[in-house]
Amino acid sequence: DGVFYDCEYGKGYAPNYANETLIMEHQKAVEALGKEFGTDSFFAYIELGSIGHWGEWHVNTAAGIPALPDEDTCERYVAPYLEAFPNAQLLMRRPFKEVTESELGVYNDMTGSVEDTKEWLNWIENGGSYEEPIIPHQLVACANIWEKSPIGGEFTSGEPMNTLLGSNWETTKKLLEQSHMTFIGPQIPVAEDQVENYSTKILPELLLRIGYRFQVTDAKMKLNRWSGTLRVTVTLKNAGVAPMYQDWPVYLYLYDEDHNLMQKVQADVSLADIGQNESSTFTVKFEDAWLKDACLEEHSNENNSVTEVGIGIENPENDQAEVLLDVNQPRIGKISLLSE
């Protein structure tokens, strides 16, 4: 129940998306994927496909391929993902009504293309109508969607990489800053010569314009040597362009002079609430018999290397620090030491 095609996009088969058998079998397929891969958070982001060329929610109607169906039919291809991947952040190609109804993100597969990206940004800012389907689909305005939901996509394949990251780099950079993307791929510089060409300057600048980047901008420590109480006040700043949508816990770690972990305490801070150029300040208190004994020993021996304090962002599924902070400090694994 569909049409075979052979056009500039390649050869393929365009099904009738309203076919009830196809809808039911698609639901079974997504449910099976969810049982295998949706039980944890390893698949953090999923760009919803299933419909159109490359799953990008468009078809080449000029080549005689039937247009996309109505909104209600398309929505039936979205619903199974919501159930199958409860731990993942889901994204759609355009800000269709499901984006605001189910708090989804969006993705731009034409990153770097001025005309296409500006059109995509205008959909997000002002909404509109997607005219290609049989009955136009509503595009819902969701300005600042990046504050709560992720933005993804890939570089356009319509222009060579040495243009996007070369002669047009200043323009590409501005488009990235306006888009607030968390990830780009799979169309990226991959060939060894491409990476070599861009590795020293362009790629580091590009990475500054993708996702979150947490910095410690201030840290104060107050040690009461007689009670063995250490108060540490830290200010975390997100110098990136987007939040960290998975709200992983922040911990402070207390080490002895040999870097043995003596105590760790979770900070009262939500990384998901720290947006671009925003900061949050919190205080953690360490109280431990070892710390009190160490302070007394330091006082008697005039030893100034009682303790070190580290900070880390942990993956809640394995209780391991897995996010590097943007600080110029020594590290123990992926835990950054604040000071001695």
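The structure we're discussing is the one just above.
The paragraphs below set out a description of the structure included in this document. (Residues numbered from 1 in each chain as written. Predicted model: local features only at pLDDT ≥ 70, side-chain atom pairs only at ≥ 80, totals over all residues. Heavy atoms only, no water.)

**Concerning the packing of helix 4 (residues 114-126) against helix 6 (residues 169-179)**
Consideration 1: Remark: helix 4 packs on helix 6, axes separated minimally by 11 Å, with the N-to-C direction vectors making an angle of 15°. When the axes of helix 4 and helix 6 are compared, the pair comes out roughly parallel. Seen from above, helix 4 lies across helix 6 with left-handed handedness. Counted together, Val114, Thr117, Trp120 and Leu121 of helix 4 and Thr171, Leu175, Gln178 and Ser179 of helix 6 form the full contact between these two elements. (Axes fitted to C-alpha atoms, helices over the stretch in contact; angles between N-to-C directions. Helix = DSSP H or I, 4+ residues; strand = E, 2+ residues; numbered from the N terminus. Parallel < 35°, antiparallel > 145°, perpendicular 65-115°, else oblique. Left-handed = near helix turned anticlockwise from the far one by under 90°. Contact = heavy atoms within 4.5 Å.)

**Digging into the pattern of salt bridges**
Consideration 1: Counted according to the given criterion, the structure contains 11 salt bridges.
Consideration 2: With a closest N to O distance of 2.8 Å, Glu20 and Arg76 form a salt bridge. With Glu20 in helix 1 (residues 20-37) and Arg76 in helix 2 (residues 71-84), this residue pair connects regions lying 56 residues apart in the sequence.
Consideration 3: We classify Glu20 as partly exposed; its relative accessible area is 44%.
Consideration 4: The exposure class assigned to Arg76 is partly exposed, which follows from its relative accessible area of 34%.
Consideration 5: Salt bridges here are not isolated pairs; linked through shared partners, they connect Asp72, Glu75 and Lys97. (Salt bridge = Lys/Arg side-chain N within 4 Å of Asp/Glu carboxyl O. Buried < 20%, exposed > 50% of the residue type's maximum accessible area, 1.4 Å probe, protein only.)

**Some thoughts on unusual backbone geometry**
Negative phi is the rule for most residues except glycine; trans is the rule for most peptide bonds.
Consideration 1: Residue Pro186 follows Gly185 across a cis peptide bond; omega there is 10°.
Consideration 2: Within the secondary structure, Pro186 is located in the loop between helix 6 and helix 7 (192-198).
Consideration 3: One non-glycine residue, Trp57, lies in the positive phi region at around 60°.
Consideration 4: Structurally, Trp57 is set in the loop between strand 3 (45-47) and helix 2.

**Considerations on the sheet that holds strand 9 (residues 214-224)**
Consideration 1: Spatially, the three strands line up as an open sheet ordered 9-10-13, and their pairing is antiparallel. Each end of this open sheet is capped by a strand with a single partner; those strands are strand 9 and strand 13 (279-287). With strand direction ignored, the average angle separating the axes of adjacent strands in the sheet is 15°. (Pairing = 2+ DSSP bridges.)

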